[in-house]
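What follows is the residue order along each chain.
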Amino acid sequence: MSFPQHRPRRLRTTPAMRRMTAEYRLDPAELVLPAFIREGLSEPNPITSMPGVLQHTTDTLKRAAAEAVELGVGGIMLFGIPAERDAAGSAGTDPDGVLNKAIADVRAEVGDDLVIMSDVCLDEFTDHGHCGVLDANGVVDNDTTLEIYGRMAVEQARAGAHVLGPSGMMDGQVAVIRQALDEAGFQDVSVIAYAAKYASAFYGPFREAVDSQLKGDRRTYQMDAANRREALLEVELDLEEGADMVMVKPAMSYLDILADVAAMSPVPVAAYQISGEYAMIEAAAANGWIDRRRAIEESVLGIKRAGANIILTYWAAELAAWLKESK
Ligand code: PBG
């Protein structure tokens, strides 16, 4: 293979040629929109560190879900912010809790036209902000937390979620949730396992998004950024425990992990482009330092190229609108 017989530039000559020869293209159906609902709001509340993202009211959340359906977006991932928090995260297991009500409201709005996913985790519901309950020494107690996750999962399924997303990185969480769902008759509700979730600085803006009370960090349960092989162990365990889909999170600093997981996973692989990834691009674009639309498209395409079948991104609706208009 040598010059001048080979001139790779030939396939780059026109937009039509580049479009035809593209190896990857984005599709709205593979995008999932993460969305926040806050209890007791009368107007949606902008999240300062995530310009363009809101803490929704019930009405604006339902509208966002309906718009996602219109745009052909694949799914929505719901996070709830309760008015009251306690040490055990009781609002998470309350059938009338903010997240469970939001699931039911969104399901009533869109039915089965959008895959409704919900966060199975305690950090939005606890007054200390950790993803599980604490033992006498202030350490997150894995097995006590699992029992609560099982009850949360059943309430979310009862409210109408199609897919549950345990994001707390407790050992055994997928098995316990699967068993609880099956025992309650929810055999057809899926689990998307946050299999390889790293302790990341890029979750920063999410703390504002959910008014987190967290002091300290999540390094005793989320993965260490120094580890690559360990991600495969986490995926294998979650598959054995019955995960229907697996996720890598964050996305952009972990594209090698995503490629590794995509190479071995027999189930669909998701990646979550998280709050800090969103904030970085929005901030640079707002300063005129990068071209916003091109940066968004390139970042999401990179996540797809690395092997994601499903991409959670706060730009899901906007990207879907761009994809629609370019057709
Ligand atoms: C935990 C959870 C977090 C995110 C999703 N689920 C926060 C964390 O682990 O600290 C982060 C998502 C984002 O940053 O966009 N319930």
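Quick caveat, the model's predicted, so the values are computed rather than measured.

> Can you explain the overall build of the protein chain? Please cite residues and give values.
The helix and strand tally for the protein chain stands at 11 helices and 10 strands. Rg of the C-alpha trace for the protein chain: 20 Å, near the compact-globule value of 20 Å for 327 residues, within the 12% margin. Summarising its shape, the C-alpha atoms of the protein chain cover approximately 70 × 45 × 40 Å along the three principal directions. Relative to its full complement of 327 residues, the protein chain shows a buried share of 46%.

> Explain helix α8 (residues 255-264) to me, and be specific about the residues and the numbers.
The α-helix winds at 3.6 residues per turn, so residues separated by three or four positions along the chain end up facing the same way. Within α8, the full set of buried residues consists of Ile257, Leu258, Asp260 and Val261. Seen from one end, α8 has its buried residues packed into an arc of 160°, which puts them on one side. Of the exposed residues in α8, those oriented more than 90 degrees away from the buried face are Asp256 and Ala263.

> I'd love a proper account of helix α7 (residues 229-240), names of residues and values included.
In this model α7 runs 17 Å from its N-terminal to its C-terminal C-alpha over 12 residues, within 8% of the 16 Å that 1.5 Å per residue would give. Those residues of α7 that fall on the buried side of the exposure criterion are Ala231, Glu234, Val235 and Asp238. Seen end-on, α7 carries its buried residues on one side only, within an arc spanning 100°. For α7, exposure combined with an orientation more than 90 degrees from the buried face picks out Arg229, Leu233 and Glu240. Against the buried residues of α7 lie α5 (173-183), β7 (190-197), β8 (245-249) and α8.

> Hey, could you go over the pairing of strand β10 (residues 310-313) for me, with residue numbers and the actual values?
Residue alternation in β10 divides its side chains into two sets, Ile310 and Leu312 and Ile311 and Thr313, and both sets are buried. Pairing between strand β1 (residues 31-38) and β10: two bridges, direction parallel. Looking at the pairing, Val32 lines up with Leu312 of β10.

> Just give me the short version of the nonpolar core, but keep the residues and values in it.
Ranked by internal contacts, the top residues of the largest apolar core, which has 99 residues, are Val32, Ile76, Leu78, Met247, Leu258, Ala270 and Ala271. In terms of residues, this core owes the most to one element, helix α4 (residues 142-159), which gives eight residues. When near neighbours in sequence (up to four residues on either side) are disregarded, Ala270 contacts Ile192, Met245, Met247, Ala308, Asn309, Ile310 and Leu312.

> With reference to specific residues and values, describe the environment of His162.
Within the secondary structure, His162 sits in the loop between α4 and β6 (163-166). Ignoring anything within four residues of it in the chain, the contact list for His162 reads Val115, Ile116, Met117, Val189 and Ser190.

> Before we move on, could you go through the packing of helix α2 (residues 58-71) against helix α11 (residues 316-326) and cite the residues and values that matter?
Contact geometry of α2 with α11 gives a least axis separation of 9 Å together with a crossing angle of 30°. Here α11 runs roughly parallel to α2, going by the angle between their axes. Considering only the axes of α2 and α11, their crossing is left-handed. Here Glu67, Ala68 and Leu71 of α2 lie close against α11, whose contacting residues are Ala317, Ala320, Ala321 and Lys324. Here the residues of the contact of α2 with α11 are counted per class, giving five nonpolar, no polar and two charged.

Rules behind the numbers
Residues numbered from 1 in each chain as written. Predicted model: local features only at pLDDT ≥ 70, side-chain atom pairs only at ≥ 80, totals over all residues. Helix = DSSP H or I, 4+ residues; strand = E, 2+ residues; numbered from the N terminus. Rg over C-alpha atoms; globule rule 2.2 N^0.38 Å. Buried ≥ 20, exposed ≤ 12 C-beta atoms within 10 Å, placed from the backbone. Arc of directions from axis to C-beta. Expected span 1.5 Å × (residues − 1). Contact = placed C-beta atoms within 7 Å. Pairing = 2+ DSSP bridges. Core = buried A, V, L, I, M, F, W, Y, C linked by C-beta atoms within 7 Å. Axes fitted to C-alpha atoms, helices over the stretch in contact; angles between N-to-C directions. Parallel < 35°, antiparallel > 145°, perpendicular 65-115°, else oblique. Left-handed = near helix turned anticlockwise from the far one by under 90°. Nonpolar A, V, L, I, M, F, W, Y, C, P; charged D, E, K, R; others polar.

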